[in-house]
Amino acid sequence: MTPKPIKKISIIGAGAIGATFGGLIKHHHPDVEMVMFARGAHLAAMQAQRHVTMCEAGNQVKIPVKATSDPKDIVGSDLVLFTVKTQDTLKTAELFADILGDAIFVSLQNGINQRVLCKTIRTDRLLVGMTATNMSIVQPGVIDVTRRGISVIGAASPDVPPSIVEQARQTLSLSGLPVESSENILGVQYNKLLFNTMGYASVLSNTDFLNDGLLNRNWRTSVALPVLDEGMRVLEAAGITLQKASGGSDVIRWRRLMRLLSTPGLDRIVRAITRGPLSLPKLVFSVYQDLQRNRPTEIDFINGEIVRLANECGVTAPLNAEVVRRIHEMEESTHKSFQSREEIATAFRRLKEAE
Ligand SMILES: NC(=O)C1=CN([C@@H]2O[C@H](COP(=O)(O)OP(=O)(O)OC[C@H]3O[C@@H](n4cnc5c(N)ncnc54)[C@H](OP(=O)(O)O)[C@@H]3O)[C@@H](O)[C@H]2O)C=CC1
Ligand SMILES: CC(C)(CO)C(=O)C(=O)O
């Protein structure tokens, strides 16, 4: 069967990630009908201005979009991109599930959301994915395109015909962002999740993960490597095979690299190179963005997912549990005071020794 052409696209949760994909598709393909579902001040700004502003490397573009909060506006969509935070997944999906018709539904969120989405969304239309892009809402209606990374999508179950996966991939690629598909999307999602377990641990000390975290021997060997090792042990116990995206981060390679960096003197040489022309990007993790905005984070679905899986398999994950505990503590405190890298490294080293 020839897939239906994509004429109308809706973005449910048109925040940092969703508005970027939606905005860029509309920018490059003005004939596509683009509907952005958002809420609060961000929705109000897009409605008042009738556009979303995208900033990238000092340039600004204003892209005309229809912004709404009325679920009925979804009717007739050929593809729906779902980009709410993981904790909002079920209640948001339920608002739209009965009126999606034949729309292809693509979740591009962190976490393993298919478990929840398959309860409400047609399984023959349900795709999930991961994105290694990095974006943020810098003010209502304004998105900063911080990093154009790869995104990968795939069928959440064998019910989805391969032609639908390919059509979704081609549609999201209209944004100009690289998008590929994978037959082991669960492995891709967990690969990214493990990367984020280390990244979110770096948020505890407001550490620039690549430049000051991985290249700092004490933090790397006391926090990043043990958190990753623990996650990998849990996934192995759960029988999950990791899969990397082409050009994307591969946690198995990250682990090898981190161990290699412990060769005497090597991290100092790498640091000297990266302080020069080969500087590493500064990632602004979404957990950090949420803490800054006094919002609940997705920590329960990332480091917390490792803890959940560990419980399910009868093993333990105390380091990931500690990241979850500490991030929740920060969510609850009014002053987001970070501890130093050294304090966090000492606390995690003690925890590891106590195992
Ligand atoms: N930002 C990034 O760089 C990256 C994010 N991700 C993942 O992508 C997903 C989306 O993250 P991100 O774009 O940063 O999140 P944002 O908070 O920027 O965007 C989500 C948007 O959805 C809105 N929303 C929530 N519920 C509804 C609803 N019922 N109706 C309409 N709008 C709704 C939110 O409103 P409100 O603010 O009021 O809650 C918010 O504006 C997350 O899973 C995140 O982990 C993955 C890689 C990178
Ligand atoms: C690693 C990153 C920034 C995506 O590139 C992310 O997934 C997050 O901030 O949650």
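Residues numbered from 1 in each chain as written. Chains lettered and ligands numbered in written order. Predicted model: local features only at pLDDT ≥ 70, side-chain atom pairs only at ≥ 80, totals over all residues. Heavy atoms only, no water.

Peer 1: Could you give an account of the overall build of the protein chain, with specific residues and numbers?
Peer 2: Looking only at helices and strands, the protein chain features 14 helices and twelve strands. Counting only C-alpha atoms and orienting by the principal axes, one finds that the protein chain spans roughly 60 × 45 × 40 Å. Among the 355 residues that make up the protein chain, the fraction classed as buried is 54%. Of the roughly 15,900 Å² of accessible surface on the protein chain, a fraction of 53% belongs to carbon and sulfur atoms. Each charge class in the protein chain can be summarised by its mean position, and for the 41 positive and 36 negative side chains these summaries are 4 Å apart. (Helix = DSSP H or I, 4+ residues; strand = E, 2+ residues; numbered from the N terminus. Buried < 20%, exposed > 50% of the residue type's maximum accessible area, 1.4 Å probe, protein only. Areas by Shrake-Rupley, 256 points an atom, 1.4 Å probe, with all protein chains shown as cover. Lys, Arg positive; Asp, Glu negative; His and termini not counted. Charge placed at Lys NZ, Arg CZ, Asp CG, Glu CD.)

Peer 1: An account of empty space enclosed by the protein is needed here, citing residue identities and associated values.
Peer 2: Summed over all chains, the structure comprises two cavities of 30 Å³ or more. The calculated volume of the largest cavity comes to roughly 90 Å³. In the lining of the largest cavity, the residues fall into five nonpolar, two polar and two charged. When its volume is computed, the second largest cavity comes out at roughly 40 Å³. Around the second largest cavity sit Gln109, Asn110, Gly111, Met130, Gln189, Lys192, Leu193, Asn196 and Ile302, which together line it. Partitioned by chemical class, the residues of the lining of the second largest cavity number three nonpolar, five polar and one charged. Residues from two domains meet in the lining of the second largest cavity; each of domain 1 (8-183) and domain 2 (187-354) gives at least three. (1 Å grid on protein atoms, 1.4 Å probe; cavity = no way out; pocket = protein on both sides within 12 Å on 5 of 7 lines; lining within 4 Å. Points joined across faces, edges and corners; volume = space filled by probe spheres on them. Nonpolar A, V, L, I, M, F, W, Y, C, P; charged D, E, K, R; others polar. Domains from an automatic or database assignment.)

Peer 1: Account for helix 8 (residues 217-237), naming residues and giving values.
Peer 2: Look at helix 8: 28 Å from first C-alpha to last across 21 residues, which is about the 30 Å you get at 1.5 Å a residue. Along helix 8, the sharpest change in direction is near 30 degrees and occurs at Leu225; proline Pro226 comes one to four residues later. Within helix 8, 15 of the 21 residues are buried, leaving the element largely enclosed by the surrounding structure. For helix 8, the N-terminal capping position is held by Asn216, with its side-chain oxygen 3.1 Å away from the main-chain nitrogen of Asn218. Positioned one or two residues after helix 8, Gly239 has a phi angle of 75 degrees, which is positive. (Expected span 1.5 Å × (residues − 1). Bend = angle between axes of the 7 residues up to and from the residue. Polar contact = N/O pair within 3.5 Å; in protein donor to acceptor, adjacent residues only side chain to side chain.)

Peer 1: Tell me what's going on with the domain arrangement of the protein chain, and back it up with residues and numbers.
Peer 2: The figure often quoted for interface size is the accessible area lost as the parts come together. Looking at the assigned domains, one finds that the protein chain contains domain 1 (8-183) and domain 2 (187-354). Once you take the C-alpha centre of each, domain 1 and domain 2 turn out to be 27 Å apart. Buried surface at the junction of domain 1 and domain 2, summed over both partners, amounts to about 1,900 Å²; 51% is from carbon and sulfur atoms. Among the residues of domain 1 in contact with domain 2, Lys85, Gln87 and Asn110 are the three that bury the most area, contributing 27% of the side total. There are two salt bridges connecting domain 1 and domain 2. In this structure, the salt-bridge partner of Asp290 is Lys85, at a minimum N-O distance of 3.2 Å. Summed over the shared surface of domain 1 and domain 2, the number is eleven residue pairs in polar contact (both at pLDDT 80 or more). Put simply, the parts of the chain that give the side of domain 1 that touches domain 2 at least two residues each are helix 4 (114-117), strand 8 (126-131) and strand 9 (134-139). (Buried area = accessible area lost by both parts, 1.4 Å probe. Salt bridge = Lys/Arg side-chain N within 4 Å of Asp/Glu carboxyl O.)

Peer 1: Any chance you could break down the site of ligand 2 for me, citing the residues and the numbers?
Peer 2: Taken together, the residues surrounding ligand 2 are Asn110, Ala132, Thr133, Asn134, Lys192, Phe195, Asn196, Tyr200, Phe285 and Ser286. Note that an oxygen atom of ligand 2 is positioned 2.9 Å from one of the side-chain N or O atoms of Asn110. With respect to ligand 2, the side chain of Lys192 contributes an N or O atom lying 2.8 Å from an oxygen atom. Protein chains bury 94% of the 290 Å² of accessible surface belonging to ligand 2 in isolation. (Near = heavy atom within 4 Å.)

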